[in-house]
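What follows is the residue order along each chain.
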Amino acid sequence: MTPLRPSGAGLGFRRELLPALKVHVPDAIDFFELAPENWIDMGGLYGRDLRAFTERYPFVCHGLSLSLGGPTPLDEMLLRETRQFMDAHGIALYTEHLSYCSDDGHLYDLLPIPFTEEAVKYVAARIRRAQDILERRIAIENASYYTPSPVADMDELGFIRAVLEEADCDLHLDVNNVYVNSVNHRYDAVEFIRALPTGRIVYLHMAGHYNEADDLIVDTHGADVIEPVWSLLDATYRIHGVAPTLLERDFNIPPLAELVREVEQIVRLQAAHAPHAKIAAAS
C-alpha cells in the first residue's frame, strides 16, 4: 500500500472504541495511532477491522518496547516485523520513546536514560540502526521521568537536542510530558519547547495526568487534558507551527463522544494557527 501521511488531529486506535468507530468516525478525527506490538500478526475479526481502517485513514505506529536506551541488544526481529506491518498497512511514520524498558527482560515501565555524552552516542547508534531496518526516518518521543539520574553531563533539553543531531532523526513532541517534567523538575515549559529544533518536530501528543502532590505529577494518560497543557499546545503551535497531533487515552477510557470533544479542541487550536500549519508529518 502507498503510505498515508497523518495530518490534523488523531486518536489512539483502541479495541474498546472499535464498536463506536465502526458505526461512525467523527469528522474531527483525521488519523489514528496504534502500538505495532499489539497488532502485528493480528488475525480474525480484529485483523479485518484494522485493515478496513488502514485502507481509509492514515495511521502512526507508536512503539512501546524497542527500548532505545536499554543495555540489551536492539530487537531487530521486532523492527523487521514492524517494517513488514507498516508496509502492509501503508503506514509512513514510526515513533518511539527516548527511554528504556528492558534489561534481560521487559521491565514494564519507561525509564530515563542518563543525560551523558556516552548515552547520546549509544542511543543515536541504535536509532540509526532502527531507521536502516525500518527504511524510514523515525521520531523519538521526549519521555516523562521522576528521578534525575545521579550521572549527567547535560540537562534534559541538551540531551534531546544532542540525540536528534547525532542520530539525524525527528522529534515526536509530547506536550504533556514537557508539562509534567516542568512541574516535577521545576523548569519553564514554554522556554523548553521554544528551545527545541522546529525542523525536527513532526508529531505531537496530548494527554492527561495524575497530580500525586503539588510538586509531583504522574503521566498516566488516564484523565482529561487540563487547561495548562492546552495552553502549552497553543504556545507550541505559535512557536513551531502546526504538526499532526494525537490525543492519548490509555486508562479510564470514556465513550468515544467524550474523547472527541478533546480531539475537537485540538482541531480548534490548529485552525487558529492555520497560516503556519505543516500539512503532514515529514518523511
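Not measured: the values here are computed from a predicted model.

Conventions we followed
- Residues numbered from 1 in each chain as written.
- Predicted model: local features only at pLDDT ≥ 70, side-chain atom pairs only at ≥ 80, totals over all residues.
- Heavy atoms only, no water.
- 1 Å grid on protein atoms, 1.4 Å probe; cavity = no way out; pocket = protein on both sides within 12 Å on 5 of 7 lines; lining within 4 Å.
- Points joined across faces, edges and corners; volume = space filled by probe spheres on them.
- Nonpolar A, V, L, I, M, F, W, Y, C, P; charged D, E, K, R; others polar.
- Phe/Tyr/Trp six-rings, centres within 6.5 Å; stacked < 30°, edge-to-face > 60°.
- Helix = DSSP H or I, 4+ residues; strand = E, 2+ residues; numbered from the N terminus.
- Buried < 20%, exposed > 50% of the residue type's maximum accessible area, 1.4 Å probe, protein only.
- Pairing = 2+ DSSP bridges.
- Axes fitted to C-alpha atoms, helices over the stretch in contact; angles between N-to-C directions.
- Contact = heavy atoms within 4.5 Å.
- Salt bridge = Lys/Arg side-chain N within 4 Å of Asp/Glu carboxyl O.
- Expected span 1.5 Å × (residues − 1).

Enquirer: How should I be thinking about empty space enclosed by the protein in this particular structure?
Expert: If you roll a probe as big as a water molecule over the atoms, it shows you where there is empty space left. Applying the stated criterion to the full structure yields two cavities of 30 Å³ or more. Together, Leu-98, Pro-112, Ile-113, Phe-115, Asn-142, Ala-143, Tyr-145, Glu-156, Phe-159 and Ile-160 line the largest cavity. Partitioned by chemical class, the residues of the lining of the largest cavity number eight nonpolar, one polar and one charged.

Enquirer: I'm lost on the packing of aromatic side chains in this one. Help?
Expert: The geometry of two aromatic rings is summed up by the distance between their centres and the angle between their planes. Applying the stated criterion to the full structure yields 13 aromatic pairs. Geometrically, the ring pair formed by Phe-31 and Tyr-203 is tilted, given 6.0 Å between the ring centres and 55° between the ring planes. Of this pair, Phe-31 sits in strand β2 (residues 31-34) while Tyr-203 sits in strand β9 (residues 201-206), and the two are 172 residues apart along the sequence. The burial state of Phe-31 is the same as that of Tyr-203; both residues are buried. Three or more aromatic residues link up through ring pairs in this structure, and these residues are Phe-13, Phe-32, Trp-39, Tyr-46, Phe-53, Tyr-57 and Phe-59.

Enquirer: I tried to follow the sheet that holds strand β3 (residues 59-62) on my own but got confused; where do I start?
Expert: By definition, the strands of a sheet pair up through backbone hydrogen bonds, in either a parallel or an antiparallel sense. Read once around its circumference, the closed barrel built from eight strands follows the order β1-β2-β3-β4-β7-β8-β9-β12, with strand pairing classed as parallel. Recorded for the sheet is a direction-independent mean angle of 30° between the axes of neighbouring strands. Looking at chain direction, β9 and strand β12 (residues 245-247) are connected through three bridges and run parallel. If you follow Met-206 over to β12, its bridge partner there is Leu-247. Sitting on the sheet, helix α8 (residues 227-240) is in contact with β8 (170-174), β9 and β12, with an inclination near 170° to β9.

Enquirer: When you look at the pattern of salt bridges in this model, what are you seeing that I'm missing?
Expert: A side chain with one charge can pair with a side chain of the opposite charge if their charged atoms come near. Under the defined criterion, the tally for this structure stands at 15 salt bridges. Put simply, Arg-129 and Glu-76 hold a salt bridge, and the shortest N to O gap is 2.9 Å. Of this pair, Arg-129 sits in helix α4 (residues 117-134) while Glu-76 sits in helix α3 (residues 76-89), and the two are 53 residues apart along the sequence. Asp-168 is paired through a salt bridge with Arg-200; the nearest N and O atoms lie 2.9 Å apart. Of this pair, Asp-168 sits in the loop between α5 (156-167) and β8 while Arg-200 sits in the loop between α7 (189-194) and β9, and the two are 32 residues apart along the sequence. Three or more residues are tied together by salt bridges with common partners; here these are Arg-137, Glu-165, Asp-168, Asp-170 and Arg-200.

Enquirer: Just to check I follow, could you spell out α4 for this structure?
Expert: Residues three or four positions apart in an α-helix share a direction because the helix packs 3.6 residues into each turn. Across its 18 residues, α4 extends 26 Å between first and last C-alpha, which sits within 8% of the 26 Å expected from 1.5 Å per residue. Taken together, the buried positions of α4 are occupied by Ala-119, Val-120, Val-123, Ala-124, Arg-126, Ile-127, Ala-130, Gln-131, Ile-133 and Leu-134.

Enquirer: I'm lost on the environment of Leu-173 in this one. Help?
Expert: Relative to the elements of secondary structure, Leu-173 occurs in strand β8. Residue classification places Leu-173 among the buried positions, given a relative accessible area of 1%. In the structure, Leu-173 is positioned 20 residues away from Ile-193 in sequence and 8.8 Å away in space, judged by C-alpha atoms.

Enquirer: How should I be thinking about the environment of Tyr-94 in this particular structure?
Expert: Note that Tyr-94 resides in strand β4 (residues 93-97). Note on Tyr-94: relative accessible area 1%, which makes it buried. Taking the C-alpha atoms as reference, Tyr-94 lies 9.6 Å from His-172; in sequence the two are 78 residues apart. Aside from chain neighbours lying at most four places away, what touches Tyr-94 is Pro-36, Cys-61, Gly-63, Leu-66, Thr-82, Met-86, Leu-134, Arg-137, Ile-138 and Ala-139.

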